[in-house]
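# Inside the fold
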Amino acid sequence: MWAELAQDALCDGDEIAAYAYARTGYHRGLDALRRAGWRGQGPIPASHAPNLGFLKALALLGEASRRIGDVTEADRVQEFLQEADPSLLA
């Protein structure tokens with residue numbers, strides 16, 4: 001849901017709203033991953049359907065960050081995506 005809102009906001013040219021939606025999806029997703037036993041490192045495979053919302057929100061957070069000029073955050077997100085599931089960036 002949050003990733004969809006972020007995507008819609010980006011399409012509408014509202015980078016700040018997109019960032020806020022994506023950031024919310026990212027944090028909610030982290031909470032869900034931790035409840036499921038993820039300890040803050042290691043793979044988060046896109047092939048596991050429950051991970052998709054988090055990974056989409058993360059990717060959109062990176063895009064929104066880049067668009068608003070927060071290159072440091074965008075780069076951090078890119079590294080996180082690479083660690084989570086390298087196939088996402090292939």
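Everything in this summary refers to the structure shown in the same document. (Residues numbered from 1 in each chain as written. Predicted model: local features only at pLDDT ≥ 70, side-chain atom pairs only at ≥ 80, totals over all residues. Heavy atoms only, no water.)

### As for a negative patch on the surface
A contiguous patch of negative charge on the surface is contributed by Glu4, Asp8, Asp12 and Asp14. Residue position: aspartate 14 is located in the loop between helix H1 (2-11) and helix H2 (15-35). (Patch = residues over 30% accessible without salt bridge, like charges linked within 9 Å, V, L, I, M, F, W, Y side chains within 5 Å. Areas by Shrake-Rupley, 256 points an atom, 1.4 Å probe, with all protein chains shown as cover. Salt bridge = Lys/Arg side-chain N within 4 Å of Asp/Glu carboxyl O. Lys, Arg positive; Asp, Glu negative; His and termini not counted. Charge placed at Lys NZ, Arg CZ, Asp CG, Glu CD. Helix = DSSP H or I, 4+ residues; strand = E, 2+ residues; numbered from the N terminus.)

### What to know about the nonpolar core
Counting residues in hydrophobic clusters, the biggest one holds 23 residues, and the most contacted among them are Tyr26, Ile44, Phe54, Leu55, Leu58 and Phe80. Listed by contribution, the elements that provide at least two residues to this core are H1, H2, helix H3 (52-67) and helix H4 (71-84). When residues in this core are grouped by element, the largest group, 7 residues, is from H3. The contact partners of leucine 58, leaving out residues within four places of it in the chain, are Tyr26, Val77, Phe80 and Leu81. (Core = buried A, V, L, I, M, F, W, Y, C linked by side-chain atoms within 4.5 Å. Buried < 20%, exposed > 50% of the residue type's maximum accessible area, 1.4 Å probe, protein only. Contact = heavy atoms within 4.5 Å.)

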